[in-house]
Amino acid sequence: MTRVLVVGDLMLDETLNGPVRDRAHDDMPVVTVAERHLEAGGAARAAQWVERLGAEPRLVGTIGNDGSGAALRTLLGPLALHVVTDDGPTTHKCTVRVDGVSRIRLDTENRGRTTREPDLIASMHALALDAVAILIADYDKGLITSALMTVARHRGLPLVLDPSGRRCLPGASAITPNRHEARTLTGEADPRAALDALAAENPHTLVCITLDVDGVLVRHVDGTTEHTPAIAVCLRRTVGAGDAFAAGLAVGLGRGLPARDCVHFALIAAAAACEER
């Protein structure tokens, strides 16, 4: 069994959808909730994709002792076995849609550094013993620290980092920012210029900038650059495609596939995520 250690920020994603019934006295629209959908987000979603791709995820992260945390544990089931409870709130993102169109997102989160770093490091040491790859999903919520990255690097396994737009910690085998994160990280609006900048900062790293429906721009460790188109699918959503891509890359590298095959496998996973309802 291909075992992948997944470490990162765990989130609960909620979507509310309904029509505008009327307006309140201050002319604020009132939405009647007709549908409510909960799903795992962040590193939790990445771990689910690792499992869907035929590997066994070992998930390390924190969840708050609150209703959102309880809901997320229920969604994760056995995947939450090694998740620890933190003092802060569970990161909860609630998107309000009016007749299927997203109008506003309400976030509950705590960006402070986790108080459970020693427990997380202990779990990483234990769960990495039989892992073949590590995936770090950094959403800049305070969980991923330099100490955790050091532990991950010292395992000597393929290490995939899905970075936030605020930082890209060094030492990964592969990084997977999207075009917006790459722009924020480098200051370069052109994806190819951003690729050059990220490759210069990470010369021994497979750099993959995901481009939504335009596929992925890749700089291989040998210096070659490739643009691989996205796989044509019936597009229903794009939420989670980046998590699926990072999961596919980690699973492929863990199985010892060549880098180009890993990128193609990751694109297949991203395409599957885009077809989900």
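Report follows, based on the coordinates. Chains are numbered independently. Their residues run from 1 in the order of the written sequence. Where totals are concerned, whole chains, interfaces and linings use all residues; where local detail is concerned, this predicted model gives features only for residues with pLDDT of at least 70, and gives and counts side-chain atom pairs only at 80 or more. Hydrogens and waters are ignored; side-chain quantities use all the structure's heavy atoms.

## A short note on the side chain of Asp162
Here is step 1 of the chain: Mapped onto the fold, Asp162 is located in strand E12 (residues 159-162).
Here is step 2 of the chain: Classification of residues uses two cut-offs on accessible area relative to the type maximum, computed with a 1.4 Å probe and protein chains only: under 20% is buried, over 50% is exposed, and between them is partly exposed. By the counting scheme adopted, Arg and Lys are positive, Glu and Asp are negative, and His together with the chain ends is not counted. Here, a salt bridge means any Lys or Arg side-chain nitrogen found within 4 Å of an Asp or Glu carboxyl oxygen. Arg45 provides the closest opposite charge to the buried, salt-bridge-free Asp162, at an N-O distance of 9.0 Å.
Here is step 3 of the chain: By the convention used here, residues are in contact when the closest approach between their heavy atoms is within 4.5 Å. Each residue touching Asp162, except ones within four places of it in the same chain, is listed here: Ile136, Ala137, Asp138, Thr176, Glu181, Gly242, Asp243 and Ala246. What counts as a helix is a DSSP run of H or I of at least four residues, what counts as a strand is a run of E of at least two, and both are numbered from the N terminus.

## Observations regarding the pattern of salt bridges
Here is step 1 of the chain: Evaluation of the coordinates by the stated rule reveals 16 salt bridges.
Here is step 2 of the chain: With a closest N to O distance of 2.5 Å, Arg36 and Glu14 form a salt bridge. With Arg36 in strand E5 (residues 35-42) and Glu14 in strand E2 (residues 10-18), this pair connects stretches of sequence that are 22 residues apart.
Here is step 3 of the chain: Classification of Arg36 as exposed rests on a relative accessible area of 57%.
Here is step 4 of the chain: Between Asp130 and Arg58 there is a salt bridge whose closest N-O contact spans 3.4 Å. You can see Asp130 sitting in the loop between helix H3 (117-127) and strand E11 (133-137) and its partner Arg58 sitting in strand E6 (residues 56-60), a full 72 residues away along the chain.
Here is step 5 of the chain: One continuous salt-bridge network, built from bridges that share partners, spans Arg3, Glu56, Arg58 and Asp130.

## Brief notes about helix H1 (residues 43-52)
Here is step 1 of the chain: For H1, a buried count of eight out of ten residues is recorded, marking the element as mostly surrounded by other parts of the structure.
Here is step 2 of the chain: Within H1, burial applies to Ala43, Ala44, Arg45, Ala46, Ala47, Gln48, Trp49 and Val50.
Here is step 3 of the chain: Backbone geometry just downstream of H1 places Gly54 in the positive-phi region, at approximately 90°.

## Some points on the sheet that holds E12
Here is step 1 of the chain: Two strands qualify as a pair provided DSSP detects at least 2 bridges between them. Strand order in the open sheet formed by eight strands is E6-E1-E11-E12-E13-E14-E15-E16, with mixed pairing between adjacent strands. With one partner strand each, in any of the chains shown, E6 and strand E16 (225-228) form the two edges of the open sheet.
Here is step 2 of the chain: For strand E1 (residues 3-8) and E6, the ladder comprises five bridges, and the chain directions are parallel. Across the sheet, Val4 pairs through a bridge with Pro57, a residue of E6.

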